[in-house]
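# Topology and contacts: notes
If you want the building blocks of each chain, they are given just below.
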Amino acid sequence: MEKLAIFGGPKVKTTPFGTGKRFGESELAQLQEALEQNTLFYAHGKKTEEFLNRFKRLYGSRFAIATSSGTASIHTALAALDVGPGDEVITSPITDMGSVIGILFQNAVPVFADVDPFTYNMTAEGIEKCVTPKTKAIEVVHLAGNPADMEPILYLTKKHGIPVIEDCAQSYLSIYKDQLAGTFGELGCFSLNDFKHISAGDAGMVLTDDEQLAKKALLFTDKGYDRTQAEHDSPFLAANYRMNELEAAVGIAQLEKLEDIVYKRRQFGEGVTEGISEVPGVIPPKITPGGKSSYWFYMLRVEEETLGISRDQFAEALAAEGIPCTKGYIPKPVYLTKIFQKKTVYPHFRWPEDFPQYAKDVKYPAGLCPNAEEILRTAVVLRVNEFFTQQDQEDTIRAIRKVATYFFKKSH
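Residues numbered from 1 in each chain as written. Predicted model: local features only at pLDDT ≥ 70, side-chain atom pairs only at ≥ 80, totals over all residues. Heavy atoms only, no water.

## Quick word on the environment of Gln37
Applied cut-off: To qualify as a helix, a DSSP run of H or I must reach at least 4 residues; to qualify as a strand, a run of E must reach at least 2; elements of each kind are numbered from the N terminus. Should any heavy atoms of two residues lie within 4.5 Å, those residues are considered in contact.
On the secondary structure map, Gln37 appears in the loop between helix 1 (25-36) and helix 2 (47-59). Sequence separation between Gln37 and Glu245 is 208 residues; the distance between their C-alpha atoms is 9.5 Å. In this view, Gln37 contacts Gly45, Lys46, Lys47 and Glu245; residues no more than four positions away in its chain are not counted.

## Notes on helix 8 (residues 245-255)
It helps to recall that an α-helix has 3.6 residues per turn; residues three or four apart then point in one direction. Inclusion rule: Exposure classes here rest on a 1.4 Å probe applied to the protein chains alone. A residue is buried below 20% of its type maximum, exposed above 50%, and partly exposed in between. Side-chain atoms alone can form a polar contact between residues adjacent in sequence; in general such a contact is a pair of N or O atoms within 3.5 Å, and within protein one must be able to donate a hydrogen while the other accepts it.
Counted residue by residue, helix 8 has 10 buried out of 11 residues, so it is predominantly covered. When helix 8 is considered as a whole, its buried residues turn out to be Glu245, Glu247, Ala248, Ala249, Val250, Gly251, Ile252, Ala253, Gln254 and Leu255. Residues of helix 8 that are buried sit in contact with helix 1, helix 2 and helix 9 (258-276). Among the residues of helix 8, the N-terminal cap falls to Asn244, whose side-chain oxygen and the backbone nitrogen of Leu246 are separated by 2.9 Å.

## So, the environment of Thr228
Here Thr228 shows up in the loop between helix 7 (211-221) and helix 8. By relative accessible area, which is 66% here, Thr228 ends up exposed. In this structure the C-alpha to C-alpha distance between Thr228 and Ala43, which are 185 residues apart in sequence, comes to 9.2 Å. A distance of 3.4 Å separates the side chain of Thr228 from the side chain of Gln229, its partner in a polar contact.

## Examining helix 14 (residues 390-411)
Spelled out, the test is: How far a helix is expected to stretch is found by multiplying one less than its residue total by 1.5 Å.
Along its 22 residues, helix 14 runs 32 Å from first to last C-alpha, staying within 8% of the 32 Å computed at 1.5 Å per residue. Looking at helix 14, one finds that the buried residues are Asp392, Gln393, Asp395, Thr396, Ile397, Ala399, Ile400, Lys402, Val403, Ala404, Tyr406 and Phe407.

## So, the packing of helix 2 against helix 8
The test is simple: Axis definition: a line fit to C-alpha positions, over the contact stretch in the case of helices; interaxial angles, taken between N-to-C directions, run 0 to 180 degrees. By convention, the crossing between two helices is left-handed when the near helix turns anticlockwise from the far helix through less than a right angle, and right-handed when the turn is clockwise. Three residue categories are used. Nonpolar comprises Ala, Val, Leu, Ile, Met, Phe, Trp, Tyr, Cys and Pro, charged comprises Asp, Glu, Lys and Arg, and polar comprises the others, including Gly.
Two elements in contact, helix 2 and helix 8, have axes whose closest approach is 8 Å; the angle formed by their N-to-C orientations is 35 degrees. The handedness of the crossing between helix 2 and helix 8 is left-handed. On the side of helix 2, the interface is formed by Lys47, Thr48, Glu50, Phe51, Arg54, Phe55 and Leu58, while helix 8 contributes Glu245, Ala248, Ala249, Gly251, Ile252 and Leu255. Looking at the contact of helix 2 with helix 8, its residues break down into 7 nonpolar, 2 polar and 4 charged.

## A few points about the sheet that holds strand 9 (residues 204-208)
Quick note on the threshold: Note on pairing: two strands pair once DSSP finds at least 2 bridges between them.
An order of 1-9-8-5-4-2-3 is seen for the 7 strands of this open sheet, with the pairing classed as mixed. Lying at the two open borders of the sheet, with one neighbouring strand each, are strand 1 (63-67) and strand 3 (109-112). Sheet twist, expressed as the average angle between the axes of neighbouring strands with direction ignored, equals 25 degrees. By the bridge criterion, 5 bridges tie strand 1 to strand 9 in an arrangement that is antiparallel. Across the sheet, residue Ile65 finds its bridge partner in strand 9, namely Val206.

## Let's talk about the pairing of strand 3
Of the two faces of strand 3, the one lined by Val109 and Val111 and the one lined by Pro110 and Phe112 are each fully buried. Note: strand 2 (residues 88-91) against strand 3, 4 bridges, orientation parallel. Each residue of the ladder has a partner; that of Ile90, found in strand 3, is Val111.

## Focus on the sheet that holds strand 11 (residues 291-292)
Ordered in space as 7-6-11, the 3 strands form an open sheet in which the pairing is antiparallel. Single-partner strands in this sheet number two, and they are strand 7 (179-180) and strand 11. With 2 bridges connecting them, strand 6 (residues 175-176) and strand 11 associate as antiparallel partners. Within strand 11, the residue paired with Tyr176 across the bridge is Gly291.

## With respect to the packing of aromatic side chains
Counted only if it meets this: Aromatic contacts are taken between Phe, Tyr and Trp rings whose centres are within 6.5 Å, Trp giving its six-membered ring; a plane angle under 30 degrees counts as stacked, one over 60 as edge-to-face, and the others as tilted. Two limits define a charge over a ring: the Lys NZ or Arg CZ must be within 6 Å of the ring centre, and within 35 degrees of the ring normal.
Applying the stated criterion to the full structure yields 24 aromatic pairs. Ring centres of Tyr176 and Phe184 lie 5.6 Å apart, and the angle between their planes is 70 degrees; on these two criteria the pair is classed as edge-to-face. Note on Tyr176: relative accessible area 2%, which makes it buried. Using a relative accessible area of 16% as the deciding quantity, one classes Phe184 as buried. Look at Phe297 and Tyr329: their rings are 4.9 Å apart centre to centre, the planes differ by 40 degrees, and that puts the pair in the tilted class. Residue Phe297 is found in strand 12 (residues 297-302), and its partner Tyr329 is found in the loop between strand 13 (325-327) and helix 12 (338-341); the two are separated by 32 residues along the sequence. A single burial state applies to Phe297 and to Tyr329, both of which are buried. An aromatic cluster is built from Phe51, Phe55, Tyr59, Tyr172 and Phe190, whose rings are joined through pairwise contacts. Above the face of the Phe236 ring, Lys216 is positioned so that its terminal group lies 4.8 Å from the ring centre. The residue whose ring lies beneath Arg383 is Phe17, and the NZ or CZ to ring-centre distance is 5.5 Å.

By themselves, these observations are geometric and do not establish any function.
Now the structure itself:
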C-alpha cells in the first residue's frame, strides 16, 4: 500500500491549485460608467435596470427585483406571498441561516423536511410529511448547485395549493429537465455575495412571472415606496433591501462570465465523480436524475464502517495529501442551532408559542431529520473553483483514491 502523507509518506498534491482574478477590466468599465451618472441610487441610474433586464433574459423570467443580499431576496419573496405570524414555511435542514432568517422576521415558523441521503436535497415525500393547514409556503433549497427533484415537488404543491420559493443562492444555471432552477416556483431567489458563483460584493435577485408578486416584492425592498409616485405612502411594513448602482454595475460584468464559470465548475465536479465512482467507502454526491449541477462545492460522504475510520480521520488524511477539505458543510442541521434550541428568536417573547395564531408548542429535537443529521456527520466538502486545472482535478481524484484504498485494505 502507498504510505499516506499523514503517516509520513509523500503527499499527492505538490503544486498549488489554479487561481485567477474574479474581477478585472470589464467590472472597472461598468463601475466607471456608474460613477459618471452622478447618482448611485437604483431608481435614478441605469445600471440596476440593465442588470435586471440581463438577468431576466438569461432566465426567461418576466420580472426581476434587485435586493441587497440573498437573505433579503428570500425575505422579500416570503413577504410577497403574505407569509405572516403563525404561518409555517417548509424548508431544508441543510442550508445557511440566510434561508430561514426571513421566515423568522415574518414571525412565521420554519418546518424542516428531511432530505435525500445522496442528493442532499428536499424531496416531495419529505415535504408531504410536513404539510399542515398552517403551511403557507415551501422554500426549496437547491444545495451546492444540485437541483432538487422539482417535478414531484410541484405535483405535491399544486395538489395542496401551496406556493414555492426556490433558494438558488448556490445554484446559478443549475438545470433540471432542460429548465433552469429558479424558474419552477412562484419565486426564485439568488445571492451575489463574495462566495457565490458570481459576486457583486453583496446583493441578490428575485425572479417571478407573476406581476402582482413582482409589484409587492419591489415595494418590500424599498420601504413600501412606489418610486413612480410623487408621494410616498407605504401600504405595509417593508424593509430597505435596495441594490445600489455600483453593485449592479459589477453584477453586469459578472453575469457575462457566468456561463463559462459554471461550465468549468461542472467539468471539475463531474470529472471528480467519474474518477472516484468505484472507490470503496466513498459516496460521491448523486446528481438529481434529469439534473445538471453547477457545483458550488463538492460534498462526498464517507462510509465509516467500510473504511474502518471516522469521517474526521478521512478528512485529516485527505488534507495531509494536499487537498483542502472541511468536515461537513455546516456542523449540524439548522434546527439544532442555539436560536431554535433555546428559542432566542426575540427578546422577552416566547416564540412562536406566544403568537395567538400558533397555539402549540414547537420542538426541534435531535433526530428530527435523520438523513440530514447522518449526511452532515459523514460528509467531507471539497472546494470547487473555475480556475482549477486538469492537474488539480487529477490530483484530487488520486488523493481520494489513495486515502480510501489505504484504509479499506487495512481494515479488510
